[in-house]
Every structure is written in structure tokens, then in C-alpha cells.
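If you want the building blocks of each chain, they are given just below.
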Amino acid sequence: MSHNEQQESAHKPVKRKEMSRRQFLSYTLGGATAFMAGGVVLPMLRFAVDPILVKKEEGGFVKVIEESKVTAEPQQVGFKVHQVDGWYESDPKMEAYIAKGEDGKVFALSPVCKHLGCTIGWGGESPNEYHCPCHGARYTKDGKNLKVAPKPLDEYEVKIENGWVYLGPLQANTRV
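Bear in mind the structure is a predicted one, so any value in this text is a computation, not a measurement.

Colleague: How would you summarise the packing of aromatic side chains if you had to cite specific residues and measurements?
Modeller: Per the stated rule, a full pass over the model turns up three aromatic pairs. Measuring from ring centre to ring centre gives 5.1 Å for tyrosine 97 and tyrosine 130, while their planes differ by 65°; the resulting arrangement is edge-to-face. Of this pair, tyrosine 97 sits in strand E5 (residues 93–100) while tyrosine 130 sits in strand E8 (residues 130–131), and the two are 33 residues apart along the sequence. Residue tyrosine 130 is classed as buried on the basis of its relative accessible area, which comes to 0%. These aromatic residues form a ring-pair network of at least three members: Tyr97, Trp122 and Tyr130. The residue whose ring lies beneath lysine 159 is tyrosine 166, and the NZ or CZ to ring-centre distance is 5.8 Å. Of note, arginine 175 hangs over the ring of phenylalanine 107, and the distance from its end group to the ring centre comes to 3.9 Å.

See the structure below:
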């Protein structure tokens, strides 16, 4: 670099990088749009995520039948359970087969077949067995799978108080 070039570069004014009007307008409109979009999206996210954040309540017990009416022969009993699915509250009608086992204890089985989810029935085609009309699955009185189904019937948690049978949440079969 020659002596003249050094003097010219030393005396040039420092060029500042300034924002143009167009850039300022773009940044301002972009920021305002992002703020407004956040105002729309955040409440929707809160609405969608809130049910997940709420603590689940323990499954309560439901009064179903008098203990004196329970026999060794399974009988189908209907009952309603209050449930909350996210924002939706409902009282669906449920069913169970209730009987006394050989040990004298009351037990309740779910009527939902473990093969494909059809509703089973007691007796009918095969006496002293549960039978699924969809694909011919069969279960013993205790819910043990005999034919087709891969698992035994689910069992309701049972509690007896003041002469009444109460059913709780479903669990894996403990009788077989």
C-alpha cells in the first residue's frame, strides 16, 4: 500500500450500518405478527395440554349389588361409573359378572373378551362357561381362557361394606 492510499483510508469517515426504512417496517410488522400469533396459539396449547397436567384421581368404588343376592352362579350386573376424559365428563353404563368362588369370596369379571373385545355371555352354547359369540372364545367360571383368547378375563377390584358389594378399577385376573 502506498503512502497516499494509507492517508485516504485514514481520513475516510467511518461508515455506519444503518437500518433502512424497509428493514425497520419488516422487523416491526414481523414482531407484531408474532405477538398476535402467540396470543392465538398459546390459549389453544393450554386448552390441549391442561387435561394432561391434571392429576388423575384414584379409581373410586361403585355400589353394585347386595352381598346376599350374590350366588355361586355368575350373574350379569349393570352399573354406572363417573369418568372424566379431558374436558368431557360422562357416566357410561358398565357391566360385570359377579359370583362367589369355591372359597366363598365374591369376585367380579369383565364381560369383555380378551380376543377381540366382544361381549361374552354366561352359559348358552357351553354350560358353566363364558362364551364369546364373535369367534368362539371360551372361559371358565373364574375367567381362565380355554379356547381362542390369549389371556384370562380381567377382574374388578371388589370391596364389601355394610352388606353391599362395591366394584373398583379393572385389574389383571388374580384367580387363575
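So much for the structure itself; the text now carries on.
Colleague: Tell me about the nonpolar core, residues and numbers included.
Modeller: Core analysis: the largest hydrophobic core is formed by 14 residues, its most contacted members being Cys113, Ile120, Tyr130, Cys132, Ala137, Tyr139 and Leu153. Looking at this core, the elements that each hand over two or more residues are E5 and strand E6 (106–109). Beyond its immediate stretch of four places on either side in the chain, alanine 137 contacts Cys113, Tyr130, His131, Cys132, Lys147, Val148 and Ala149. By size, the runner-up hydrophobic cluster in this structure holds 13 residues, among which are Val62, Ile65, Ala96 and Ile98.

Colleague: Would you mind going over the state of the cysteines in detail, with residue names and values included?
Modeller: Two cysteines joined by a covalent bond between their sulfur atoms form a disulfide. If you walk through the whole model with that rule in mind, you get one disulfide. Sulfur-sulfur distance for the disulfide between cysteine 118 and cysteine 134 comes to 2.0 Å. Here the disulfide of cysteine 118 and cysteine 134 is left-handed, its torsion about the S-S bond being about -105°. In this pair, cysteine 118 is assigned in the loop between E6 and strand E7 (121–122) and cysteine 134 in the loop between E8 and strand E9 (138–139), connecting sequence segments 16 residues apart. Taking the relative accessible area as the measure of exposure, cysteine 118 reaches 18% and is therefore buried.

Colleague: Break down the sheet that holds E9 for me, with residues and values.
Modeller: Ordered by their spatial adjacency, four strands build an open sheet running E7-E8-E9-E10, and the pairing between neighbours is antiparallel. On the outer flanks of this sheet lie E7 and strand E10 (145–147), each paired with one strand and no other. Bridge count between E9 and E10: two bridges; the pairing is antiparallel. Among the inter-strand pairings, tyrosine 139 is bridged to a residue of E10, identified as asparagine 145.

Colleague: Please provide a residue-by-residue account of the UniProt feature "transmembrane region" (unreviewed entry) in the chain, values included.
Modeller: What UniProt calls "transmembrane region" (unreviewed entry) maps, in this numbering, to residues 24–45. Secondary structure across residues 24–45 comprises 100% helix and 0% strand; the distance between its end C-alpha atoms is 31 Å.

Colleague: Describe the sheet that holds strand E11 (residues 155–161), and please don't skip the residues or the numbers.
Modeller: Taken in spatial order, the six strands make up an open sheet running E1-E12-E11-E6-E5-E2, and their pairing is antiparallel. Edge positions in the open sheet fall to strand E1 (62–66) and strand E2 (75–80), since each of these has one partner strand only. Averaged over neighbouring strand pairs, the angle between their axes works out to 40° when direction is ignored.

Reading the values: the criteria
Residues numbered from 1 in each chain as written. Predicted model: local features only at pLDDT ≥ 70, side-chain atom pairs only at ≥ 80, totals over all residues. Heavy atoms only, no water. Phe/Tyr/Trp six-rings, centres within 6.5 Å; stacked < 30°, edge-to-face > 60°. Helix = DSSP H or I, 4+ residues; strand = E, 2+ residues; numbered from the N terminus. Buried < 20%, exposed > 50% of the residue type's maximum accessible area, 1.4 Å probe, protein only. Lys NZ or Arg CZ within 6 Å of the ring centre and 35° of its normal. Core = buried A, V, L, I, M, F, W, Y, C linked by side-chain atoms within 4.5 Å. Contact = heavy atoms within 4.5 Å. Disulfide = S-S within 2.5 Å. Pairing = 2+ DSSP bridges. UniProt positions renumbered as here; feature names shortened; annotations may be inferred. Axes fitted to C-alpha atoms, helices over the stretch in contact; angles between N-to-C directions.

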